[in-house]
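Examination of the molecular architecture
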Amino acid sequence: MQYLQVHLLFTLPALAVLAAAARPFLSSTELAKMALLAALAFVYTTPWDNAVIYLGAWSYEPGRVLARVGLVPVEEYFFFVAQTALTALATLLVSRWSAHAALLAPTPPHLSPIAAAARDTVSPQSAVSPRAADPQARWRLSIRVAAVSVCIAAAAAAAFFCVPGTRTFYLASIIVWAMPVLALQLAVAAPFIARRWQPTLASIALPTLFLWCVDHIAIRDGVWSIHPSPTTGIMVTPFLPLEEAVFFVVTNAMIVCGLMAVDRTLAIVRLRSRLGAVGTFERKPESEVALVAAAAPSPLDSWAHWSRWACALADNTIVAETSLDAAAVADLAHVMDIARRGSLSFSAALALLPQDVRQDIAIVYAYCRVTDDVADDASRPVEARRAALAAIRSFLGDVYAGVDVSQSPLISGILPGASPNLDLAAAMRSIARLVHAWDRAAPVVPLRCLVELIDGCEADLGALLLATEDDIVSYAEKVAGSVGEACTCLMLNSSGSGVSKDKELAAVVTNARDMGVALQLVNMARDVATDAQTLGRIYAPTAWLDEWTRIASTLLPPGTTKPPASAAGLADALISDTWGTQTGLVEHNTHAMRFLAGRFIELAYNSGRVASARAGIKLLPADCRPAIDAALRIYLGIADIVRGWPHSVYRQRAATRASFKVRVLAESLYARQ
Ligand SMILES: CC(C)=CCC/C(C)=C/CC/C(C)=C/CC/C(C)=C/[C@@H]1[C@@H](COP(=O)(O)OP(=O)(O)O)[C@]1(C)CC/C=C(\C)CC/C=C(\C)CCC=C(C)C
């Protein structure tokens, strides 16, 4: 076998498969990361590779290589780049699912209950003094010192055995060559890597196992041969010496740790460019404003973008996590957790978004979630909930007006007459920081969007009388159309393409709001029973209730209790329904719920809003389309379940199976963009 055939049969096909799998995530930033690591790998490996060949570690059979530069075959130089790309693609596929910024937060509870207690009692005041709020600075320092010490000790020990002509030379030369680089990488990113040690190990192990197999085959077929004199003689497989196995472990470790160090730095750049103050609009220093530019545009767009991106990396690689506002980062991890646990339908779709958009939309999700939960908190009287919504409305007005809110009760999660709510506190602090990170003159998300949600929630508190389908749509526009517009503003802001966001937004805002309304209608169809029985709400317009009373007798099985004569009577019957004690009523009500659910879903489709959403997704930034497409399709999957239900199961809450979500995510990623 020729060396070239090793690439044609193994490395290139593997690269093609991984590149196809990673295609939806191969943003300009990811490609820039790979180019940077490949360049560094090439420059650092070339002298070492030439030296160990010269000192007799291995050689190539005559006629097996195309040509050499120095002592190294050209195929080997290509291997440096190919291995970097292979391992980088594997790392991207394995590790992109965690929110990088959240990994910079103080250690999670399972690692440090003390830190968790400290984090959860972080007062807004500590939002001002980051060092005091960071209970994990000592943990991070100790893990860095330990990791670097191990690397330096290994290099020092190996140096004693790195004597040409001895049996330990090749193994020791690998350790002496690799450890200083790993020490540097771990000095920068050890805490970040430790927080994601499972994907880190997987990112190293998977390509290493593949390259062990390739090496085994190449040695077995005589493409290259490892000389016995500089090796220990320990074999991992009949043809794979320990030295070769260790080489691929440490080189992949260097690649993965290098990528993780870049991810950590980019997370710091995003945080510093995206998190304003809690209190009020603090003018960003020029250096921070420059970060926004460095973090936003795709580094491969132009030489100017590349150099700005590389400078932002260089400037922030040695920035310690303690320089960040620890309370802000902890709050960000908290809102990411709210988004993860808050939504059965959206948490999976959120993970498809690029890191910066995911971070921003998670903040908006948390704001929506806590606000909606305030309105739905049946344990509190309606007036208290109304006062709470008014407090949130006032808080947002102050935030956008630049009024100092650092002493607002909402910053501590305190609503009138209620005990502190940590989710509410984290969501309100985070939304304030997000708004304060924008240019005050042109906030990315208009205040109107966030206030519309409050308007819709307030409507829920009163006797919700929706007479017509237009009333439903008007309500859905408030609670969901507004959310669609807010998310789209954030997605267009992240594209960083420099294209006028306003122009792009004008072209797509209707589609965005239509998608929100469509999802809300499906939500109403799914939750007909729980909205009636738990919240005492009937979203169906009286026109539909009247229609049901007219046609019920044709739809109900013979002998079923006659339906109430009026729309109000039907609404009462659905709300006051008791489970099973009045069988006729239960039978009647489940038929009524099925009828109403069907009308909600028909409205979503027949009003053209589903079609409008589908058309709008094509206008979004390419790296955001899979997530939104998946969110829409997961919700339409719920609609299909609800429509297919027999009337007898209209008491449950339809949810799509995990297998369906996985299929939708895969199709949205690979089949539909
Ligand atoms: C990836 C993605 C779309 C993430 C979600 C973004 C987000 C901020 C959602 C907010 C959800 C929320 C709690 C809103 C408060 C009012 C409310 C309850 C609305 C209903 C949502 C249900 O949310 P829930 O988490 O309870 O869902 P499950 O119970 O788990 O099913 C609604 C159904 C409305 C949700 C509306 C949207 C998410 C807007 C969607 C539209 C876009 C993202 C615009 C896309 C752009 C174009 C051009 C098509």
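Please read these numbers as outputs of a predicted model, since none were measured by experiment. (Residues numbered from 1 in each chain as written. Predicted model: local features only at pLDDT ≥ 70, side-chain atom pairs only at ≥ 80, totals over all residues. Heavy atoms only, no water.)

Per the secondary structure count, the protein includes 26 helices and 6 strands. Seen along its three principal axes, the alpha-carbon backbone of the protein occupies a region of about 100 × 55 × 45 Å. Burial status across the protein gives 55% buried among its 673 residues. Of the contacts formed within the protein by residues at least 6 apart in sequence, a portion of 77% connects residues at least 24 apart. With the model as given, the accessible surface of the protein reaches about 26,900 Å², and the carbon-plus-sulfur share is 65%. (Helix = DSSP H or I, 4+ residues; strand = E, 2+ residues; numbered from the N terminus. Buried < 20%, exposed > 50% of the residue type's maximum accessible area, 1.4 Å probe, protein only. Contact = heavy atoms within 4.5 Å. Areas by Shrake-Rupley, 256 points an atom, 1.4 Å probe, with all protein chains shown as cover.)

Listed under "transmembrane region" (unreviewed entry) in the UniProt record, and renumbered for this structure, are residues 6-22, 34-57, 141-163, 169-194 and 245-262. Between the end C-alpha atoms of residues 34-57 there is a gap of 29 Å, over a span that is 88% helix and 0% strand. Within residues 245-262, the helical portion is 100% and the strand portion 0%, while the C-alpha atoms at the span's ends are 26 Å from each other. (UniProt positions renumbered as here; feature names shortened; annotations may be inferred.)

So, about the pattern of salt bridges. All told, the structure shown has 31 salt bridges when counted by the stated rule. Ionic contacts of the salt-bridge type, sharing partners, join the residues Arg 448, Glu 452, Glu 477, Glu 485 and Arg 513 into one network. (Salt bridge = Lys/Arg side-chain N within 4 Å of Asp/Glu carboxyl O.)

This brings us to the site of the ligand. Neighbouring residues of the ligand: 35 residues in total, closest Leu 344, Ser 345, Tyr 365, Arg 526 and Tyr 635. At 2.9 Å from an oxygen atom of the ligand is found a side-chain nitrogen or oxygen belonging to Ser 343. At 2.9 Å, a side-chain N or O of Arg 526 approaches an oxygen atom of the ligand. For the shell around the ligand, the secondary-structure elements that each account for two or more residues are helix H13 (346-350), helix H14 (355-376), helix H18 (469-495), helix H19 (501-526), helix H24 (609-617) and helix H25 (625-644). Top element by residues in the shell around the ligand is H19. It accounts for 9 residues. In the shell around the ligand, the residues fall into 21 nonpolar, 10 polar and 4 charged. (Near = heavy atom within 4 Å. Polar contact = N/O pair within 3.5 Å; in protein donor to acceptor, adjacent residues only side chain to side chain. Nonpolar A, V, L, I, M, F, W, Y, C, P; charged D, E, K, R; others polar.)

A few words on the packing of helix H15 (residues 382-401) against helix H16 (residues 422-437). It is at 9 Å that the axes of H15 and H16 come closest, and there the two elements cross at 25 degrees. The angle between the axes of H15 and H16 places the two elements in the roughly parallel class. Of the two possible hands of crossing, H15 and H16 adopt the one that is right-handed. Along the contact surface, H15 presents Ile 392, Phe 395, Leu 396, Val 399 and Tyr 400, while H16 presents Leu 424, Met 428, Ile 431, Ala 432, Val 435 and His 436. Counted by class, the contact of H15 with H16 contains 10 nonpolar, 1 polar and no charged residues. (Axes fitted to C-alpha atoms, helices over the stretch in contact; angles between N-to-C directions. Parallel < 35°, antiparallel > 145°, perpendicular 65-115°, else oblique. Left-handed = near helix turned anticlockwise from the far one by under 90°.)

Another point: the packing of helix H9 (residues 242-274) against helix H11 (residues 303-317). The N-to-C vectors of H9 and H11 enclose an angle of 95 degrees; their axes lie 9 Å apart at closest approach. Judged by the angle between their axes, H9 and H11 are roughly perpendicular. Touching Val 262, Arg 264, Thr 265, Leu 266, Ile 268, Val 269 and Arg 272 of H9 are Trp 309, Ala 312, Leu 313, Asn 316 and Thr 317, all from H11. Looking at the contact of H9 with H11 residue by residue, the classes come out as 7 nonpolar, 3 polar and 2 charged.

Our focus in this paragraph is the confidence of the model for the protein. This prediction gives the protein a mean pLDDT of 88; 91% of its residues lie at or above 70. Scored below 50 in pLDDT, residues 109-132 shows 31 contacts in the model against residues more than four places distant or in partner chains. Scoring the predicted complex yields pTM 0.91 and, for the interface, ipTM 0.98. (pLDDT = per-residue confidence, 0-100.)

As for its placement among the helices and strands, Arg 270 is situated in helix H9. In this structure Arg 270 is buried but unpaired, with Asp 356 as the nearest side chain of opposite charge at 5.8 Å. Those residues in contact with Arg 270, other than ones at most four positions away along the chain, are His 100, Gln 355, Asp 356 and Gln 359. (Lys, Arg positive; Asp, Glu negative; His and termini not counted.)

Further remarks concern the state of the cysteines. In this structure the tally under the stated criterion is 0 disulfides. Of the cysteine sulfurs around Cys 162, a residue in no disulfide, the closest is that of Cys 151, at 17 Å. (Disulfide = S-S within 2.5 Å.)

Our focus in this paragraph is the side chain of Ser 203. Among the structural elements, Ser 203 can be located in helix H8 (residues 197-220). For Ser 203, a relative accessible area of 0% gives the class buried. One polar contact links the side chain of Ser 203 to the main-chain carbonyl oxygen of Pro 199, over a distance of 2.6 Å. Apart from residues no more than four positions distant in its own chain, Ser 203 is found in contact with Thr 87, Thr 91, Val 94 and Val 256.

The subject of this paragraph is helix H2 (residues 28-54). The periodicity of an α-helix, 3.6 residues per turn, causes residues three or four places apart in sequence to face the same way. A rise of 1.5 Å per residue sets the reference length of H2, with its 27 residues, at 39 Å; its end C-alpha atoms lie 39 Å apart and thus fit the reference within 8%. A positive backbone phi angle near 85 degrees is found at Gly 56, which sits one or two residues after H2. (Expected span 1.5 Å × (residues − 1).)

A few words on a nonpolar patch on the surface. Taken together, the side chains of Leu 4, Leu 8, Leu 9, Leu 12, Leu 66, Val 69, Val 74 and Phe 78 define a hydrophobic patch exposed on the protein surface, amounting to about 670 Å² of accessible area. Taken together, the elements giving at least two residues each to the nonpolar patch come down to helix H1 (3-22) and helix H3 (74-95). Counting residues per element, the nonpolar patch draws most heavily on H1, which supplies 4 residues. You can see Val 74 is positioned in helix H3. (Patch = residues over 30% accessible without salt bridge, like charges linked within 9 Å, V, L, I, M, F, W, Y side chains within 5 Å.)

The next subject is the packing of aromatic side chains. How two aromatic rings sit relative to each other is set out by the distance from centre to centre and by the angle between their planes. Inspection of the entire model under this criterion finds 20 aromatic pairs. Relative to Phe 248, the ring of Phe 79 lies with its centre 6.2 Å away and its plane at 35 degrees, an arrangement referred to as tilted. Of this pair, Phe 79 sits in helix H3 while Phe 248 sits in helix H9, and the two are 169 residues apart along the sequence. Neither Phe 79 nor Phe 248 differs from the other in exposure class; each is buried. One aromatic cluster is present, built from ring pairs that chain together Tyr 44, Trp 48, Trp 58, Phe 79, Tyr 170, Trp 177, Phe 247 and Phe 248. The residue whose ring lies beneath Arg 96 is Trp 97, and the NZ or CZ to ring-centre distance is 4.7 Å. (Phe/Tyr/Trp six-rings, centres within 6.5 Å; stacked < 30°, edge-to-face > 60°. Lys NZ or Arg CZ within 6 Å of the ring centre and 35° of its normal.)

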